[in-house]
Amino acid sequence: KRTAVYARSIAKAMGLNDKAVAKVTLAARLHDLGKLGLTANLLNSTTGMTEAKRKQIELHPSLGEALLAPIAGMRPLLQNVRDHHERLDGTGYHGKRGRSVALVSRIIAVADTFDAITSQRSYQQRQTQEQALAIINNLAGDKLDPRVIKGLERALRYDRKAKTALRNAHRPTR
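Predicted model, so just to flag it, every value in this text is computed and none were measured.

**Regarding the packing of aromatic side chains**
Point 1. Tallying each qualifying case throughout the model produces one aromatic pair.
Point 2. Here the aromatic rings of Y6 and F114 are separated by 5.0 Å at their centres, their planes lie at 90°, and the arrangement is edge-to-face. Within this pair, whereas Y6 is found in helix α1 (residues 2-13), its partner F114 is found in helix α7 (residues 103-118), the two being separated by 108 residues in sequence.
Point 3. Judged by relative accessible area, which is 1%, Y6 ranks as buried.
Point 4. Here F114 falls in the buried class, since its relative accessible area comes to 0%.

Below, the structure written as structure tokens:
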């Protein structure tokens, strides 16, 4: 859910129209749907990432696309769910690069990266907003879209929902 909040805030901060913001928000809500096809042991693993684990995890965008494909209303989102791990330099899961990665997918990629860095994970400690932005800015141009990163920075400064999502990410879970 936080990824969708961040993605929506980024889209608004970038000046996208209401229809585009709605598409970004829905695609971001569904971006990890394919993880339903992965085992809990894999998703909650605290041991190092092996090649076999990496290959399994890399299936989740395609699994999400396959789950949504039969639903006519979801067809406009298939590319975005599939491509949310693509990187500008072509090092993503499917090797797409640059502007061949749709803007919606590039927004989800930044939002998802920010959420992953600022959230407690079984395999890493959460980072502060400032640390996360420094890490993300180091990925600008090669991995992540610099325009989208600027949108994230604006969203975190001015969007109350984005600030609340970030605060909630740092609350202990029960």
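**Some remarks on the layout of surface pockets**
Point 1. Considering only enclosed or pocket space, the largest pocket measures out at about 1200 Å³ in volume.
Point 2. Contributing to the lining of the largest pocket are 40 residues, with K35, H85, A116, R121 and Y123 lying nearest its centre.
Point 3. Elements with a contribution of two residues or more to the lining of the largest pocket: α1, α2 (18-30), α3 (40-43), α4 (51-57) and α7.
Point 4. Residue contributions to the lining of the largest pocket peak at six residues, all from α7.
Point 5. Here the lining of the largest pocket is built from residues that sort into 14 nonpolar, 13 polar and 13 charged.

**As for α2**
Point 1. A rise of 1.5 Å per residue sets the reference length of α2, with its 13 residues, at 18 Å; its end C-alpha atoms lie 18 Å apart and thus fit the reference within 8%.
Point 2. V21, V24, T25, A27, A28 and L30 are the residues of α2 that are buried.
Point 3. Those residues of α2 that are buried are in contact with α1, α5 (60-68), α6 (78-82) and α7.

**Quick word on the environment of A11**
Point 1. Relative to the helices and strands, A11 resides in helix α1.
Point 2. By relative accessible area, which is 0% here, A11 ends up buried.
Point 3. A11 sits ten residues away from V21 along the chain, and the two C-alpha atoms are 5.6 Å apart.
Point 4. If we skip the residues at most four places from it in the chain, A11 touches L16, V21, V24 and I107.

**A word on empty space enclosed by the protein**
Point 1. Evaluation of the coordinates by the stated rule reveals one cavity of 30 Å³ or more.
Point 2. The calculated volume of the largest cavity comes to roughly 50 Å³.
Point 3. Taken together, E86, R87, L88, V101, S105, R106, A109, K143, L144 and D145 make up the full set of residues lining the largest cavity.
Point 4. Looking at the lining of the largest cavity residue by residue, the classes come out as four nonpolar, one polar and five charged.

**Comments concerning the nonpolar core**
Note that soluble globular proteins tend to have their nonpolar side chains buried in a common cluster.
Point 1. In terms of nonpolar packing, the biggest core is built from 32 residues, with I10, I107, V110, F114, I136 and L152 touching the most fellow members.
Point 2. Of all the secondary-structure elements, those providing two or more residues to this core are α1, α2, α6, α7, α8 (129-138) and α9 (146-158).
Point 3. Looking at this core element by element, the count peaks at eight residues for α7.
Point 4. Discounting chain neighbours no more than four positions away, the residues touching I10 are I107, V110, A111, V148, G151, L152 and A155.

**So, the side chain of D112**
Point 1. Summarising the element assignment, D112 is placed in helix α7.
Point 2. For D112, a relative accessible area of 12% corresponds to the buried category.
Point 3. Sequence-distant contacts of D112, defined by excluding residues within four places in its chain, comprise T3, H31, D32, H84 and H85.

**So, the packing of α1 against α2**
Point 1. It is at 8 Å that the axes of α1 and α2 come closest, and there the two elements cross at 160°. On the basis of their axis angle, the class for α1 and α2 is roughly antiparallel. At the point where α1 passes α2, the crossing takes the right-handed sense. Contacts from T3, A4, A7, R8, A11 and K12 in α1 reach V21, V24, T25, A28 and R29 in α2.

Reading the values: rules and limits
Residues numbered from 1 in each chain as written. Predicted model: local features only at pLDDT ≥ 70, side-chain atom pairs only at ≥ 80, totals over all residues. Heavy atoms only, no water. Phe/Tyr/Trp six-rings, centres within 6.5 Å; stacked < 30°, edge-to-face > 60°. Helix = DSSP H or I, 4+ residues; strand = E, 2+ residues; numbered from the N terminus. Buried < 20%, exposed > 50% of the residue type's maximum accessible area, 1.4 Å probe, protein only. 1 Å grid on protein atoms, 1.4 Å probe; cavity = no way out; pocket = protein on both sides within 12 Å on 5 of 7 lines; lining within 4 Å. Points joined across faces, edges and corners; volume = space filled by probe spheres on them. Nonpolar A, V, L, I, M, F, W, Y, C, P; charged D, E, K, R; others polar. Expected span 1.5 Å × (residues − 1). Contact = heavy atoms within 4.5 Å. Core = buried A, V, L, I, M, F, W, Y, C linked by side-chain atoms within 4.5 Å. Axes fitted to C-alpha atoms, helices over the stretch in contact; angles between N-to-C directions. Parallel < 35°, antiparallel > 145°, perpendicular 65-115°, else oblique. Left-handed = near helix turned anticlockwise from the far one by under 90°.

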